[in-house]
Amino acid sequence: MSTASRTAWRHLPALLVAVGFVAPLVFMVTGSLRQAGLPPPRSPELLPSPVAFGNYPRAFELVDIPRYTLNSLVVVAAAVPLTVLCASWAGFAMSRLPRRSAGALVAVSLVALMVPLTALLVSRFAMFRILRLTDTWWPLIAPSLMGTSPFYVLLFYWSFRRLPAELFEACRLEGMRPLAVWRRVAMPLVRPVAVAVAVFAFVDTWSNFLDPLVYLFDERKFTVPLGLRALSTLDPNNYPLFLAGAVTATAPVIGALLYVQRFFLQEFRGSGWLGR
Amino acid sequence: MIRDRERRDLAVMLAPYLVGLAALVVVPGAVTFALSLFDYDLIRPATFAGLDNFRELARDAVFRTSLRNSLHFVLFAVPVRLAGAVTLALLLHRRFRGVGAYRTAAYLPTVVPDVAYALLWLWLFNPLYGPLNLTLGALGLPQPPWFTGLGATQAAVIIMSVFQLGEGFLVALATRQEIPGELYELISVEGAGPWATFRRITLPLMAPTLALLAARDVIFSFQATFVPALIVTGGGPPPYATTYLPLFIYTNGFQYLRYGYAAAATVCMILVTAYIVLLQYRMVRRWRESFVV
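None of the values given here were measured: they were computed from a predicted structure. (Residues numbered from 1 in each chain as written. Chains lettered and ligands numbered in written order. Predicted model: local features only at pLDDT ≥ 70, side-chain atom pairs only at ≥ 80, totals over all residues.)

Check the secondary structure of chain B and you find 13 helices and two strands. Projected onto its principal axes, the C-alpha coordinates of chain B cover approximately 75 × 75 × 40 Å. Burial status across chain B gives 42% buried among its 293 residues. Considering only intrachain contacts with a sequence separation of at least 6, the fraction spanning at least 24 residues in chain B is 69%. (Helix = DSSP H or I, 4+ residues; strand = E, 2+ residues; numbered from the N terminus. Buried ≥ 20, exposed ≤ 12 C-beta atoms within 10 Å, placed from the backbone. Contact = placed C-beta atoms within 7 Å.)

Before going further, it helps to spend a moment on the overall build of chain A. The number of helices and strands found in chain A is 13 helices and zero strands. Each helix and strand of chain A, ordered N terminal to C terminal, gives the series α-α-α-α-α-α-α-α-α-α-α-α-α. Here the C-alpha coordinates of chain A stretch approximately 75 × 70 × 30 Å along the principal axes. Taking all contacts inside chain A whose residues are at least 6 apart in sequence as the whole, residues at least 24 apart take part in 75%.

Let us now look at the packing of helix α12 (residues 224-234) of chain A against helix α5 (residues 114-124) of chain B. Axis separation between α12 of chain A and α5 of chain B bottoms out at 8 Å; the angle between their running directions is 25 degrees. One way to sum up the angle between α12 of chain A and α5 of chain B is to call them roughly parallel. The segment α12 of chain A lies against α5 of chain B, with Pro225, Leu228, Arg229 and Ser232 of chain A engaging Asp114, Val115, Ala116 and Leu119 of chain B. (Axes fitted to C-alpha atoms, helices over the stretch in contact; angles between N-to-C directions. Parallel < 35°, antiparallel > 145°, perpendicular 65-115°, else oblique.)

This next bit is on the environment of Gln177 of chain B. Inspection of the secondary structure puts Gln177 of chain B in helix α8 (residues 166-178). With 88 residues separating them in the primary sequence, Gln177 of chain B and Ala89 of chain B have C-alpha atoms 9.1 Å apart.

Often, the extent of an interface is quoted as the loss of accessible area upon association of its parts. The interface of chain B with chain A comprises 72 residues on the first partner and 73 residues on the second. Of the residues belonging to the side of chain B that touches chain A, the class tally is 54 nonpolar, eleven polar and seven charged. (Nonpolar A, V, L, I, M, F, W, Y, C, P; charged D, E, K, R; others polar.)

So, on to the nonpolar core. Judged by nonpolar contacts, the single largest core of 161 residues is most densely connected at Ala90, Phe156, Val197 and Ala246 of chain A together with Leu119, Phe169 and Ala265 of chain B. Considering every element that reaches this core, the biggest residue donor is helix α3 (residues 65-96) of chain A, with 14 residues. Setting aside residues up to four positions removed in sequence, Ala246 of chain A forms contacts with Met28 and Leu228 of chain A together with Ala116, Leu119 and Leu120 of chain B. (Core = buried A, V, L, I, M, F, W, Y, C linked by C-beta atoms within 7 Å.)

Here helix α10 (residues 191-207) of chain A contains 17 residues, and its C-alpha end-to-end distance of 24 Å stays within 8% of the 24 Å for a straight helix at 1.5 Å per residue. For α10 of chain A, a buried count of 13 out of 17 residues is recorded, marking the element as mostly surrounded by other parts of the structure. (Expected span 1.5 Å × (residues − 1).)

We now examine the packing of helix α13 (residues 239-264) of chain A against α5 of chain B. Between α13 of chain A and α5 of chain B, the least distance of the axes is 9 Å, while the angle of their chain directions is 145 degrees. Crossing of α13 of chain A over α5 of chain B shows left-handed handedness. Residues Tyr239, Phe242, Leu243, Ala246, Ala249 and Thr250 of chain A of α13 of chain A touch α5 of chain B, and the partners they reach there are Ala116, Leu119, Leu120 and Trp123 of chain B. Split by residue class, the contact of α13 of chain A with α5 of chain B holds nine nonpolar, one polar and no charged. (Left-handed = near helix turned anticlockwise from the far one by under 90°.)

Here we take up the confidence of the model for chain B. Close inspection of predicted coordinates is inappropriate in any region flagged by low pLDDT. Residue and element names in this part refer to chain B. Averaged over all residues, the pLDDT of chain B equals 87, while 98% of them reach at least 70. Element-level pLDDT for chain B is lowest in helix α11 (residues 226-233), with a mean of 84, against a maximum mean of 93 in helix α2 (residues 52-59). Of the two predicted TM-score estimates for the complex, the pTM is 0.87 and the ipTM is 0.86. (pLDDT = per-residue confidence, 0-100.)

Quick look at unusual backbone geometry now. Residues and elements named next belong to chain A. In the Ramachandran plot, Arg132 falls in the positive-phi region, its phi being about 60 degrees despite a non-glycine side chain. Position of Arg132 relative to the elements: it lies in the loop between α5 (117-130) and α6 (138-141). In the Ramachandran plot, Asp135 falls in the positive-phi region, its phi being about 65 degrees despite a non-glycine side chain. With respect to the secondary-structure elements, Asp135 resides in the loop between α5 and α6. For Asp135, a count of 14 C-beta atoms within 10 Å gives the class partly exposed.

In this section: the confidence of the model for chain A. Summary statistics for chain A give a mean pLDDT of 87 and a share of 95% for residues scoring 70 or more. Low pLDDT, under 50, characterises residues 268-276 of chain A; the stretch is placed with 18 contacts to residues that sit more than four places away or in other chains.

So, in structure tokens, the structure goes:
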């Protein structure tokens, strides 16, 4: 086989798959640009005619998306740094513990990772209600104590364990405390992991729907996903309108993914968290 | 003492994680089991009800339907998602120009916020305006009655979940990249074709991870149906066609304020999940034993 046709064989299926996965998102954008109230088109249209940008200002008018965005950003601003701090602390401490205790903590983390959120929802709600924390943002921020997901703790643990043991031995001989080692030596060495965890914590917190749905009642405290749901229930048949809202809610996380994809999806092994 | 100081530092660093795990996973988990034995509406004090909640569940037709729906979902969605993740990983594990872009494209739908994702599919599946049926129509293919037929509505929820397989894809990709290339060289010397290579090297070496991935997917399947059922299909249509366990729990707990009853349904969900995972584990073990012999 010639090189050219081999390249084509490699690209063609990959390209088809990529198009398949991107298509829904493309339809989300083009759907949001349809003029409301038009009859259904006869054939699939790549770009609606006329292109109507009016759905965006209209969506912002009907529900207070700017306020919800601000609320989401406040929650994110609290949850993301706390996640990175708690997850990297726990991961670092685990990597310094004797093998057996570390193994036990890994096992506990894996079990915790397996528990579905819906199984804890009812009792978490009862708990936060007893603490009088319902209808505040605290229940949305609280999971960052456990690194948003135990998986992020494990990710830090694995990355710290890959660092050479002599390095930590040297720090210890210098008389550095673990907190100082974490801050001055370990964290700078795992920066890509820290960035990736921060971005994933952002995506998780920004997209979180179940928690706000259960804990928030006051409309002024809503986050973006709740606002989006409110928008879709206003007029369930006005597709262009709520698609405009969906695009607004999705754009930040797509941007975030495009920013971090080089750490874990790119072709160069050895630089990312999956590499060696 | 240096050692004491070290230990104190490590304790401080572990503390938030352990407190978080205890307060948000261990205690609520235990409370769920306890609550399932009570009648509780958050207003009046809880009263002990013994196994009454479970007896009522056994008679509740809606519960039985939602349990069956959830099992159907797991039965179809998990194998498809797993196969999809492996296929993508095998397709995109090599290093070639632009592979990063393809991988990113496959991962994109996974990060779309749940509500936005649900609304997107509400649009895609729309029988009149939706791009999906328009495309099928343009190709001369049948246009399924999404949101009116029982099977089509359940299939719609499964299709939605298949596009969000990014995490499984990532894990499968990492696992595939761990397999040493020498093994493939050896088997190609033997003259094995692609299918034999897959069956004798790739699959067995990826199997442990895939088993773990399957278990995780089963657990999350019970959860993944919540937002689509709430927003896209509203639990129907036809009535209760897409009422899955999480929606049942949510409705009973947070709309009917029957927290004890909802907790009892949660306990059933946990037990069913554990049972399926156990079955899977047995199947994988038997398969591996047959392979070694």
